[in-house]
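Topology and contacts: notes
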Amino acid sequence: MSRPSVAVVGAGAFGVRHLAAYRSLGVPVRALVEPDAATRQRVAVEYGVPQTYACVADLLAAAPPDAASVCVPGPAHRPVAVDLLTAGVPVLVEKPLAATVIDAAAIVAVAERTGVLCQPGHILRYSAPHRALHDVVRAGRLGQVLAVSSRRDRPRTLSRLFPREHPALLTAVHDIDLALWYAGAPVVEVRAAARTRPGSATPVLVWAELRHANDVVSSIRNSYLLPEHTPNHTSDLVEVYGTDGVAHVDLGHPTLLVQGEPTEAPDWLLSPVDGGGALAAELRHFLGQVDGTAPTAVVPLADGLHVVRVAEAVADSATAGGAVRRIPPSPHL
């Protein structure tokens, strides 16, 4: 792999994971963009990033990188991605592509107008067990797909860390994307319910039923109800039902469980602390898309936009007491 000039925008929890993953690939990160000066300095020193900037405008004024990871909070995706794309910088935008359909569509429009790569960061498509399940489905081993079901439980901490973000546009984005991927067709109809608990401004339980254009049905359940100390990647399950069989990926049994103070279940699959796993695979593919060695998109940009459309419809349906929300066909799909 060539050694491109890479920037990471955002030094929060996932920005740090991107830094570790690039390091595991032997790809040095040249620049870090982070508005908080103390965080910017600390993270840059820890990961040996030579150049730091408070904003994207300063980065671009100095020297545009060859590629960038956008790891800022969802509501900031549009301005950051648009500025980078307009400057000709290929971007990997962490999920969701944006916090609203309007913002996601604006990002897609700029990417199409400029012809610059914009890759949605849907990490589970790079997870070895989820990819293996996709291979099984596409090989026809389950026959015709009839339904997809997924469950994702998280601790109550998420309500505190993301007090204004609806679960449909935070954790359920993963499950919507998996449903789209395994069903092999866009979603055309959504019906959802949500529940809250005392002290939470946003729902802590979301239950959605999706119907795809090929009549596959998908069920999505997300909760923020586990105790605070619970490791946040357990209890994840996705099942695919076909005319000839059933298959699933179950992450409810961690490879390593340390029941101490605090209880820990290190993530060995998606974004382990050493920077490997699915995140490294995703970034390797992103850089291959940048230099032309990986011509086929694993996550088409149109899928990133469609996932945001479905997530917004889930939130809207739940707010409306389970009213059906129909999603018109997209010209991109």
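Values in this document were obtained by computation on a predicted structure and should not be read as measured data. In this numbering scheme, every chain counts its residues from 1 along its sequence in written order. For a predicted model such as this one, the threshold for reporting local features is a pLDDT of at least 70, and the threshold for listing and counting side-chain atom pairs is 80 or more; totals across whole chains, interfaces and linings nevertheless cover every residue. Side-chain metrics rest on all non-hydrogen atoms present in the structure, leaving aside hydrogens and water.

1. Observations regarding the sheet that holds strand 9 (residues 205-212)
- Spatially, 12-11-7-10-9-8-13 is the arrangement adopted by the seven strands of the open sheet, whose pairing is mixed. A strand with exactly one partner marks an edge of an open sheet, and here the two such strands are strand 12 (245-250) and strand 13 (325-326).
- If DSSP finds at least two bridges between two strands, the strands pair. Here a strand is any run of E in DSSP of at least two residues, a helix any run of H or I of at least four, and the numbering for each starts at the N terminus. As defined by bridge partners, strand 9 adjoins strand 10 (residues 217-226) across seven bridges and the pair is classed as antiparallel. When the sheet's bridge partners are listed, L205 is paired in strand 10 with S223.
- Packed on one face of the sheet, helix 8 (residues 172-183) meets strand 7 (145-155), strand 8 (187-195), strand 9, strand 10 and strand 11 (237-242) and runs near 165° to strand 7.
- Against the sheet, helix 10 (residues 301-319) makes contact with strand 8, strand 9 and strand 13, and its axis sits at roughly 45° relative to strand 8, the strand it touches most. The contact criterion used is simple: two residues touch if any of their non-hydrogen atoms lie within 4.5 Å. Fitting a line to C-alpha atoms yields each axis, with helices limited to the stretch in contact; the angle taken between N-to-C directions then spans 0 to 180 degrees.

2. A short note on the packing of helix 6 (residues 128-138) against helix 8
- Viewed as axis vectors pointing N to C, helix 6 and helix 8 meet at an angle of 30°, and their least axial separation amounts to 9 Å. As summarised for this structure, helix 6 and helix 8 are arranged roughly parallel, according to the angle between their axes. Contacts between helix 6 and helix 8 involve H130, R131, L133, H134, V137 and R138 from the former and L178, W181, Y182 and A183 from the latter.
- In terms of residue class, the contact of helix 6 with helix 8 is built from six nonpolar, two polar and two charged. In these notes the angle categories are as follows: under 35 degrees is roughly parallel, over 145 is roughly antiparallel, 65 to 115 is roughly perpendicular, and the rest is oblique. For this scheme, ten residues count as nonpolar: Ala, Val, Leu, Ile, Met, Phe, Trp, Tyr, Cys and Pro. Four count as charged, namely Asp, Glu, Lys and Arg, and the remainder, Gly too, count as polar.

3. A closer look at a nonpolar patch on the surface
- Residues enter patches when they are more than 30% accessible in relative terms and free of salt bridges; like-charged ones are connected within 9 Å and nonpolar ones (Val, Leu, Ile, Met, Phe, Trp, Tyr) within 5 Å. For every accessible area listed, the method is Shrake-Rupley and the probe measures 1.4 Å; residues are considered covered only by the protein chains on display. Salt bridges are defined by distance alone: a side-chain nitrogen of Lys or Arg within 4 Å of a carboxyl oxygen of Asp or Glu. A cluster of nonpolar side chains, contributed by L146, Y241 and V246, occupies part of the molecular surface with about 260 Å² of accessible area.
- Relative to the helices and strands, V246 resides in strand 12.
- Taking the relative accessible area as the measure of exposure, V246 reaches 53% and is therefore exposed. Burial status follows relative accessibility: with a 1.4 Å probe on protein chains alone, a residue under 20% of its type maximum counts as buried, one over 50% as exposed, and anything between as partly exposed.

4. Let's talk about the sheet that holds strand 6 (residues 118-121)
- Reading across from one edge, 3-2-1-4-5-6 is the order of the six strands in this open sheet, with parallel pairing throughout. Single-partner strands in this sheet number two, and they are strand 3 (51-53) and strand 6. Going across the sheet, the axis of each strand differs from the next one's by a mean of 20°, ignoring polarity.
- Pairing between strand 1 (residues 6-9) and strand 2 (residues 29-33): four bridges, direction parallel. Counted as the bridge partner of A7 is A31 from strand 2.
- Most of the contacts of helix 1 (residues 13-24) go to strand 1, to which it runs at about 160°, and overall it touches strand 1, strand 2, strand 4 (67-70) and strand 5 (91-94).

5. Brief notes about helix 10
- Its 19 residues place the ends of helix 10 28 Å apart at the C-alpha level, agreeing with the 27 Å of an ideal helix rising 1.5 Å per residue.
- The buried fraction of helix 10 amounts to 15 of the 19 residues, a majority that puts the element mostly inside the structure.
- At the C-terminal side of helix 10, G321 shows a positive phi close to 75°. Helix span, as expected, comes to 1.5 Å for every residue beyond the first.

6. Here we look at the nonpolar core
- In plain words, nonpolar cores are sets of buried Ala, Val, Leu, Ile, Met, Phe, Trp, Tyr and Cys residues tied together by side-chain atoms within 4.5 Å. Grouped together as the largest cluster of nonpolar side chains are 55 residues, with contacts concentrated most on L84, L97, C118, L210 and V314.
- Top element by residues in this core is helix 10. It accounts for ten residues.
- When neighbours within four sequence positions are excluded, V314 is seen to be in contact with A168, V190, A192, V206, A208 and L210.
- Formed by 45 residues, the second largest nonpolar core is a distinct cluster that contains V6, Y47, A67 and V136.

7. Side note on unusual backbone geometry
- In this structure, the amide linkage connecting K95 to the following residue, P96, adopts the cis form with an omega of -10°.
- Locating P96 in the fold gives a position in the loop between strand 5 and helix 5 (101-114).
- In the Ramachandran plot, D215 falls in the positive-phi region, its phi being about 70° despite a non-glycine side chain.
- Note on placement: D215 falls in the loop between strand 9 and strand 10.

8. So, empty space enclosed by the protein
- Grid points spaced at 1 Å over the protein atoms alone were grouped into cavities, where a 1.4 Å probe fits but cannot get out, and pockets, open sets with protein on both sides within 12 Å along at least five of seven lines, with lining residues defined by an atom within 4 Å of a point. Grid points are joined across faces, edges and corners, and a volume is the space filled by probe spheres set on the points. The final tally for this structure, using the stated rule, is one cavity of 30 Å³ or more.
- In this structure, the largest cavity is lined by H130, S150, R151, R152, D175, L178, D236, L237, V238, V249 and L251.
- When contributions to the lining of the largest cavity are tallied by element, the ones reaching two or more residues are strand 7, helix 8 and strand 11.
- Of all the elements, strand 7 adds the most residues to the lining of the largest cavity, at three residues.
- Partitioned by chemical class, the residues of the lining of the largest cavity number five nonpolar, two polar and four charged.

The values reported here are purely geometric and, on their own, carry no functional implication.
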